[in-house]
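Coordinate analysis (summary)
Take a look at the letters that make up each chain.
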Amino acid sequence: MDLELKRLTERAEIGRIYRRYMKADFPANELKPLAMIYEAMDRDDYACYGLYAGEELLGYAFFYVLRHEQGGRYLFDYFAVAPGRRDAGLGSAFLRLLCEALRAADCVVGEVEDPDTAQDEGSRSTRERRLRFYLRNGVLDTGVRARVYGVDYRVLELPTARTHSREALREIYAALYQSMLPPAFFRRHFLVKE
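Below, the discussion takes up helix α2 (residues 34-42). Every buried residue belonging to α2 is among Leu34, Ile37, Tyr38, Ala40 and Met41, and all of these are buried. With its buried residues spanning 160° around the axis, α2 presents them on a single face. Residues of α2 that are buried make contact with α1 (11-25), β2 (46-53), β3 (56-66) and β4 (73-81). One or two positions beyond α2, positive phi appears at aspartate 44, with a value near 65°.

See the structure below:
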């Protein structure tokens, strides 16, 4: 199967992905309104990618983007492989293509819910499986831990042309959220742990 990574810029295609896939793939409380995504795109603060085989969408990755003199700083907002296409190696292939496409970025950051703070064994198992997927695919555990809107995360870095120290990642990660959230929300709902 020939895979192609496409940068998505058309509102109609992004809206179709949102309605058909994202609403099913993510809980309602984790899914921002489509209008908010469009607004961020209009400000050039958002980037969307699709993984395709011909015309078939196999997966999508949406990023919040903070422009920086050394290249963009990207935060994974949503990443998923289409239902019926999971567990076939497409997520790994998708990550490799994203690494290539974002090679010039200053930083690409992701989050995984911290397995150590799971409330039950089932949740812990799911979180550990997700973390193993990223680590197996060369994504780096930065050692940075955070709490965002009451959820504990491990902060990961997608290897691009540069990687960063833990201290630098703490600053970059905080700057991404600080640029995204109003000041009162940032102070109340964002914490990088020691």
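Turning our attention to the pairing of β2. The element β2 is largely enclosed, with a buried count of 8 among its 8 residues. With burial as the criterion, each face of β2 is covered, one bearing Tyr46, Cys48, Gly50 and Tyr52 and the other bearing Ala47, Tyr49, Leu51 and Ala53. Examined bridge by bridge, strand β1 (residues 4-8) and β2 share 5 bridges and lie antiparallel to one another. Note that in β2 the partner of arginine 7 across the bridge is tyrosine 49. Note: β2 against β3, 8 bridges, orientation antiparallel.

Further remarks concern helix α4 (residues 121-136). The terminal C-alpha atoms of α4, which comprises 16 residues, lie 22 Å apart, in line with the 22 Å expected from a rise of 1.5 Å per residue. Taken residue by residue, α4 has Arg127, Leu131, Phe133 and Tyr134 as its buried positions. Relative to the axis of α4, the buried residues are bounded by an arc of 155° and lie together on one face. In this structure, α4 carries Glu121 and Arg136 as exposed residues pointing more than 90 degrees from its buried face. Residues of α4 that are buried in the fold lie against β4, α3 (90-101), β5 (107-113) and β7 (151-157). Capping the start of α4 is the job of one residue whose side-chain oxygen sits 3.1 Å from the backbone nitrogen of glycine 122: aspartate 120.

What follows deals with the packing of α1 against α2. Relative to each other, α1 and α2 sit at 145°, their axes nearing to 11 Å. Considering how the two elements wind past one another, α1 and α2 form a crossing that is right-handed. The segment α1 lies against α2, with Arg11, Ile14, Gly15, Tyr18, Arg19 and Met22 engaging Leu34, Ile37, Tyr38, Met41 and Asp42. The class makeup of the residues in the contact of α1 with α2 is 7 nonpolar, 1 polar and 3 charged.

Moving on, we come to the pairing of β5. In terms of burial, β5 is largely enclosed, as 5 of its 7 residues are buried. Where β4 meets β5, 3 bridges bridge the pair, whose relative direction is parallel. When the sheet's bridge partners are listed, tyrosine 74 is paired in β5 with valine 108.

Calculation rules
- Residues numbered from 1 in each chain as written.
- Predicted model: local features only at pLDDT ≥ 70, side-chain atom pairs only at ≥ 80, totals over all residues.
- Heavy atoms only, no water.
- Buried < 20%, exposed > 50% of the residue type's maximum accessible area, 1.4 Å probe, protein only.
- Helix = DSSP H or I, 4+ residues; strand = E, 2+ residues; numbered from the N terminus.
- Arc of directions from axis to C-beta.
- Contact = heavy atoms within 4.5 Å.
- Pairing = 2+ DSSP bridges.
- Expected span 1.5 Å × (residues − 1).
- Polar contact = N/O pair within 3.5 Å; in protein donor to acceptor, adjacent residues only side chain to side chain.
- Axes fitted to C-alpha atoms, helices over the stretch in contact; angles between N-to-C directions.
- Left-handed = near helix turned anticlockwise from the far one by under 90°.
- Nonpolar A, V, L, I, M, F, W, Y, C, P; charged D, E, K, R; others polar.

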